[in-house]
Amino acid sequence: MTPVLVFGIALLLSLLTRRRWNGGGVPMPVAAPAQPPTAPVPDGFDPRQYGLVSSAELDPGRAGPPLPLLRRKELEALADSCLAGGWRAAAAYVAAAGEDWDERWSRLDFLTRVAAERDAWLTEWRASGTEACAATTVYARLLVQRAWEVRGSAVAHQVPAEQLAAFKSVLGEANAAAREAAELDPRDPGPWVVLVTTARGVPLNRRRFSALWQELTARAPHHVAGHWQAMQYWCAKWHGSDALMLRFAEGAVRTAPPGSVLPGLYLQALTELEQRHGLSGLPDAARLHELLPAVASALAAVPAPHDQLPLLRHLLAHFALVSRQPGLALDQFRELGPWCGAHPWTSTHHPVRAFDHARAVAATHATTG
């Protein structure tokens, strides 16, 4: 294996294990979280007395535990095969997911990241006709990623006209590729997730977007990445409002099947509101006291390991503290252990210090409140 491939694979695995919960490809702006109202932490606080790891063990390098060694080696071999010019391992990797559509999407996500490093193998895969829908979906997702790289993360009126035109042109290519993929396998919801993603940039009006959404949910009613992308359409910065976005996310909490991380969508909606408005933009305390425990219960039922689960636990701990539910926050900190490399802590100047203080507040107030 060449040094270039080694570096590329290491980077891909790092992205896989630390990526945001967004289905990949579209940047999400990050702002410093609002600080919850807290009381001072007593001097001499010992986290071990509350079932927490010691402060010296805290690790800001990741959101959660690393991939198991065997899984890591499998992904290294897959990425190495692709980057060296092969595609058969990629086709087999996707096929092995069967009709577990969330797992299939996760695998397509990884392959898109590999293709972003070097994509000659993807061209050959598409030409082979093997797992044609998957290959074309990866190509469509790669175009979406490139379109957003052209656009950047600025608000629309701050993007130069030439740059915005290039963005829409590449996004149009992605849209066409996704339509092609949908025809190649009418059962697969993956192409429709791409179309839901491109809808906010094309853009599509609400009526046409709703038609896309119906196509997606007819194939996979609880598709996690599909819901995340749809929620972005319904948020105020695109084609909806705070109220529409929140209603959509609350619906995910109510309708998600057992074992799904889909209820975590509500935490992402709260993050969007906090970034736009600060604490004043969050739902009232009664609503948070109703829905956050429901989200916690749902996440507790998700089979481990799950790469999205730690990211959501960090958010849940933060919003539990914001809404003065320290016991709920403490439960999440116990589950997280030493890992603190995630939002909201990484949006502060000192992630370890912010994480350590937050769990101290949770522990202190859970036992004295």
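Whatever comes next refers back to the structure up there.
Reading guide: rules and limits
Residues numbered from 1 in each chain as written. Predicted model: local features only at pLDDT ≥ 70, side-chain atom pairs only at ≥ 80, totals over all residues. Heavy atoms only, no water. Axes fitted to C-alpha atoms, helices over the stretch in contact; angles between N-to-C directions. Helix = DSSP H or I, 4+ residues; strand = E, 2+ residues; numbered from the N terminus. Parallel < 35°, antiparallel > 145°, perpendicular 65-115°, else oblique. Left-handed = near helix turned anticlockwise from the far one by under 90°. Contact = heavy atoms within 4.5 Å. Nonpolar A, V, L, I, M, F, W, Y, C, P; charged D, E, K, R; others polar. Buried < 20%, exposed > 50% of the residue type's maximum accessible area, 1.4 Å probe, protein only. Expected span 1.5 Å × (residues − 1). Salt bridge = Lys/Arg side-chain N within 4 Å of Asp/Glu carboxyl O. Phe/Tyr/Trp six-rings, centres within 6.5 Å; stacked < 30°, edge-to-face > 60°. Lys NZ or Arg CZ within 6 Å of the ring centre and 35° of its normal.

K.L.:
How do you make sense of the packing of helix α4 (residues 101-117) against helix α6 (residues 132-151) when you look at a structure like this?
P.N.:
If you want to describe how two helices pack, look at the angle between their axes and the distance between the axes. Direction vectors running N to C along α4 and α6 enclose 60°, while the axes themselves pass 9 Å from each other. Classified by the interaxial angle, the pair formed by α4 and α6 is oblique. You can see that α4 and α6 cross each other, and the crossing is right-handed. Contacts between α4 and α6 involve R104, W105, L108, D109, L111, T112, A115 and A116 from the first element and A134, T137, V138, R141, L142 and Q145 from the second. Residue classes in the contact of α4 with α6 are distributed as eight nonpolar, three polar and three charged.

K.L.:
Explanation requested: the environment of W87 in the structure shown.
P.N.:
Structurally, W87 is set in the loop between α2 (69-83) and α3 (88-95). According to the relative accessible area criterion, W87 is buried, its value standing at 12%. Through-space distance from the C-alpha of W87 to that of A135 is 9.4 Å; in sequence the pair is 48 residues apart. Excluding its chain neighbours within four sequence positions, the residues that come into contact with W87 are W121, E124, W125, S128 and T130.

K.L.:
Hey, could you run me through the packing of helix α11 (residues 242-255) against helix α12 (residues 265-277) in this one?
P.N.:
Look at α11 against α12: their axes get within 8 Å of each other, and the N-to-C directions meet at 160°. Here α11 lies roughly antiparallel to α12, going by the angle between them. Helix-helix and strand crossings are classified by hand; for α11 and α12 the assignment is left-handed. Within the contact between the two elements, α11 uses D242, M245, L246, F248, A249, E250, A252 and V253 and α12 uses L265, Y266, A269, L270, E272, L273, R276 and H277. Of the residues that constitute the contact of α11 with α12, the class distribution is eleven nonpolar, one polar and four charged.

K.L.:
Where do I start with α6 in this structure?
P.N.:
Within an α-helix, residues lying three or four positions from one another point in the same direction, as the helix has 3.6 residues per turn. When the terminal C-alpha atoms of α6 are compared, their 29 Å separation across 20 residues agrees well with the 28 Å that a helix rising 1.5 Å per residue should span. Extensive coverage of α6 is indicated by the burial of 15 of its 20 residues. Just beyond α6, the residue with positive phi is G152, at close to 80°.

K.L.:
Could you clarify how one ought to interpret the pattern of salt bridges in this entry?
P.N.:
In a structure, side chains of opposite charge can pair up when their charged atoms sit close to one another. Applying the stated rule across the entire model yields 17 salt bridges. The partner of D109 in a salt bridge is R113, and the shortest N-O contact between them spans 3.3 Å. You can see D109 and its partner R113 sitting in helix α4, four residues apart, about one turn around the helix. For D109, a relative accessible area of 3% corresponds to the buried category. Residues R126 and E180 are paired through a salt bridge, measuring 3.9 Å at the closest nitrogen-oxygen approach. Taken together, the residues span a long stretch of sequence, with R126 in helix α5 (residues 120-128) and E180 in helix α7 (residues 161-184) at a distance of 54 residues. Overall, E180 belongs to the partly exposed group, its relative accessible area being 36%. Among the charged side chains, a salt-bridge network with shared partners connects E99, D185 and R187.

K.L.:
Can you help me understand the packing of aromatic side chains in this one?
P.N.:
The relative placement of two aromatic rings is captured by the distance of their centres and the angle of their planes. Counted by the stated rule, this structure contains eleven aromatic pairs. Both rings, one in Y233 and one in W234, keep their centres 5.1 Å apart while their planes meet at 85°; by these two values the pair is edge-to-face. As far as burial versus exposure is concerned, Y233 and W234 are alike and both buried. Ring geometry for W345 against F355: centres 5.6 Å apart, planes inclined by 85°, an arrangement best described as edge-to-face. Of this pair, W345 sits in the loop between α15 (326-336) and α16 (351-368) while F355 sits in helix α16, placing them ten residues apart in sequence. Each member of the aromatic cluster is reached from another via a ring pair, and the members are W148, F167 and W238. Between the NZ or CZ atom of R200 and the centre of the ring of W238, over which it lies, the distance is 5.6 Å.

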